[in-house]
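Listed below are the residues making up each chain.
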Amino acid sequence: MYISRITLFKISYILILIKSLVYNSYIAPDNNMALMTLFNYMALAFLVIEFLWKIPKEIKFIIVTLGLFATFLYIYKLTKSTDLILWVLFIVNSVGLNKAVILKWAYKILIIGTTIIIVLNLFGFIEQYVLVKDGVVVKSYGFIHPNGLATTILRIILLYFGLYYKKVTIPKLLFIAIAYIIIGRLTGCRTASFVLIMSIGLIVYSLINKEAFESRITLLLMTISPFIAAIFSFTGGYLFIQGNPGMQIINQLFSDRFNWIGRFLQNYSITLFGQELQVINRVQGGARWSSIDNSYVMMGLNYGMIFLFGYCLVIALLIFYYIKHNDKGKAISCFAFVLIGLTENQAFSIVNNFMLLYAGDVIYGKVFHNMSKNNSSTFEENSSAIGES
């Protein structure tokens, strides 16, 4: 039964992963939402089958699950976001599964899919998006936007750090850094390069200092970093609206993101359970982006402050757990997605942010259960035992 459950989950996750690659590239015809909807329904079908396959009888599981479904359905009613249905099913179904097996498949799919998109573009089978950024011509190489290629490769690297941290060496990090500098130059994506540099810096520090991140101040700052990022995002937007000189400078460093954040904060009010937003998340025919390139403001306005608080709490607990259990690769990957959320609006996507696959273990109390036993094993080992029980 365990193998069947994880197989169903794996198929669902891979389908959504492929959909994400296709949607963010020129492989799919413009505005062909029928294909994207098909991927969603196929993934949804497998998730529902898996959910019905083995429903735990524990009263705690039932109560938490009913609470999650009720909350997400109410938010869905307000926002009309179908992604929420998939989101909650992925969270619920992920509990007790071996995430390492799933993420290793995702790692391979991302590498293969990205390579196919680039090759198809280089041989002229699909087009690319070209723009001039700071006087330099940058290209997307088959992706809808140059940032799409840069962030996809960043996700692959962060997956590598999370899965294979113990195999990371200084020479490998040097090679990754040089390769990504070239990618950053070709795509003009500064923010992804900054996140990678920060991540590599933290990994080098952790390799040199075996007690890295264990001081109370460092542990506290990294743990509460999602809340700091969320507060900074909203505060920065409001300060920009008011014409704060400091935020004018910061806005330039963030490629005019706080300008867009400010516009949305002026047009939409803050709610507990969210609202429907009018945004454009895809470049078509050379159209400019018209969305919130900030996950925290996007979550807060679209899905509500309760959803945003829950997201920040889950990421904070994951960072705390991994630091305390000396799984620095995943702790750094979690922190990297905190930074990505400041410049991208999809850091809360369970496909883009693979660390959210562990959210179910947090929400259902597996983390606290493992901590209470003072178990130093990784999530994969704990989850495997839970899934096989």
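Predicted, not measured: the structure shown is a model, and the values here were computed from it.

Reading the values: rules and limits
Residues numbered from 1 in each chain as written. Predicted model: local features only at pLDDT ≥ 70, side-chain atom pairs only at ≥ 80, totals over all residues. Heavy atoms only, no water. Helix = DSSP H or I, 4+ residues; strand = E, 2+ residues; numbered from the N terminus. Buried < 20%, exposed > 50% of the residue type's maximum accessible area, 1.4 Å probe, protein only. Contact = heavy atoms within 4.5 Å. Core = buried A, V, L, I, M, F, W, Y, C linked by side-chain atoms within 4.5 Å. Polar contact = N/O pair within 3.5 Å; in protein donor to acceptor, adjacent residues only side chain to side chain.

Trainee: Just checking my understanding: could you explain the environment of A43 for this structure?
Mentor: You can see A43 is positioned in helix 2 (residues 33-53). Taking relative accessible area as the criterion, A43 reaches 0% and is therefore assigned buried. Considering only alpha carbons, one finds A43 and I11, 32 residues apart in sequence, at a separation of 7.4 Å. For A43, the residues in contact, after removing those within four places along its chain, are S12, L15, I16 and L86.

Trainee: Even after reading the chapter, I still don't get the nonpolar core, so can you show me in this structure?
Mentor: Side chains of a nonpolar character, in soluble globular proteins, are inclined to be buried together. With 120 residues, the main nonpolar core has F161, Y180, Y296 and Y311 as its most contacted residues. Residue contributions to this core peak at 12 residues, all from helix 6 (residues 146-164). If near-sequence neighbours (up to four positions away) are discounted, Y311 is found in contact with Y296, M299, A347, F348, N353 and L356.

Trainee: Is there a simple way to think about the side chain of Q275 in this case?
Mentor: Relative to the assigned elements, Q275 resides in the loop between helix 12 (257-267) and helix 13 (295-302). A distance of 2.6 Å separates a polar atom in the side chain of Q275 from the backbone oxygen of S269. In terms of polar contacts, Q275 uses its side chain to reach the backbone carbonyl oxygen of L301, at 3.1 Å. Ignoring sequence-local partners within four residues, the contact set of Q275 consists of L78, T79, Y268, S269, L301 and N302.

Trainee: Can you help me understand unusual backbone geometry in this one?
Mentor: Backbone phi values are negative for most residues with the exception of glycine, while trans is the configuration of most peptide bonds. The phi dihedral of K80 is positive, around 60°, even though this residue is not glycine. Of note, Y141 is a non-glycine position whose phi angle comes to about 50°, a positive value. Checked against the element boundaries, Y141 lands in the loop between strand 2 (136-139) and helix 6. Looking at Y141, the relative accessible area reads 18%, which means it is buried.

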